[in-house]
Each structure stands twice: as C-alpha cells, then as structure tokens.
Amino acid sequence: MRLTHSQEGENLLRRYEYDDRHVVAADVGVDDDAISVDTVGDTAIVVIDHGDGESEAELDLPGPAASVAVTNGVLTIEVEK
C-alpha cells in the first residue's frame, strides 16, 4: 500500500494505491443518508445535504469507479488498475 495523496482541511481526503486498485477515502463527517455520489468517467460528484442547504464537490479519480460506499460518514471509492 502506498499513500499517494492526503489533503486536510474541513474534511480529510486520502488516496491509497495498492497493486490491483486505487482507493479514494474521504471523512465527510455527516450521516450516510446525507451523502449522494454519482460517478461519470474518472470523476466522482459528491453532494452533501446539510439540512439547510447542499454542497457539491468533484473528485478526480485515477480511472472509472469500480465501487462506491459510504459507511459512518466515510466515503470510499475503489478504482481497479
């Protein structure tokens, strides 16, 4: 495993590289039902419902997403090599 990118700020975003896949993980810090993710090609569009409004972010992926999961406020996107 190799950590290829880490970005801290309001949320934590990390990119890991394994022999067979890349993993992008973001600690979003909201309930799972408040997060909506759509992937188009090598871009993930993340929409977060804050109750009084929404915020949107685009994440560049190293390829098309193979799987997307949200568990306990942590978004995980896997991309096969």
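Everything below is about the structure shown above.
Let us look at the structure shown here.

Definitions and cut-offs
- Residues numbered from 1 in each chain as written.
- Predicted model: local features only at pLDDT ≥ 70, side-chain atom pairs only at ≥ 80, totals over all residues.
- Heavy atoms only, no water.
- Helix = DSSP H or I, 4+ residues; strand = E, 2+ residues; numbered from the N terminus.
- Buried < 20%, exposed > 50% of the residue type's maximum accessible area, 1.4 Å probe, protein only.
- Pairing = 2+ DSSP bridges.
- Salt bridge = Lys/Arg side-chain N within 4 Å of Asp/Glu carboxyl O.

### Describing unusual backbone geometry
At Asn72, a residue that is not glycine, the phi angle is positive and equals roughly 50°. Within the secondary structure layout, Asn72 lies in the loop between strand S7 (67–71) and strand S8 (74–80).

### Here's the deal with the pairing of strand S5 (residues 43–49)
Consecutive side chains of a regular strand alternate in pointing toward one face of the sheet and then the other. A large share of S5 lies buried, amounting to five of its seven residues. Bridge analysis of strand S4 (residues 35–40) against S5 gives six bridges, and the strand direction is antiparallel. Its bridge partner lying in S5, Asp38 is registered against Ile45. From the end of S4 to the start of S5, which pair antiparallel, there are two residues, and Gly41 there has a positive phi angle of about 60°. In this sheet, strand S6 (residues 54–60) lies alongside S5 in antiparallel orientation, the contact comprising seven bridges.

### With respect to the pattern of salt bridges
Summed over all chains, the structure comprises three salt bridges. For Asp20, the salt bridge is made with Arg21, and the minimal N-O distance between the two is 3.7 Å. On the accessibility criterion, Arg21 (26% relative accessible area) is partly exposed. When the shortest N-O distance is used, the salt bridge between Glu78 and Arg21 registers 3.5 Å. Of this pair, Glu78 sits in strand S8 while Arg21 sits in strand S3 (residues 21–27), placing them 57 residues apart in sequence. Judged by relative accessible area, Glu78 falls into the partly exposed class, the value being 28%.

By themselves, these observations are geometric and do not establish any function.
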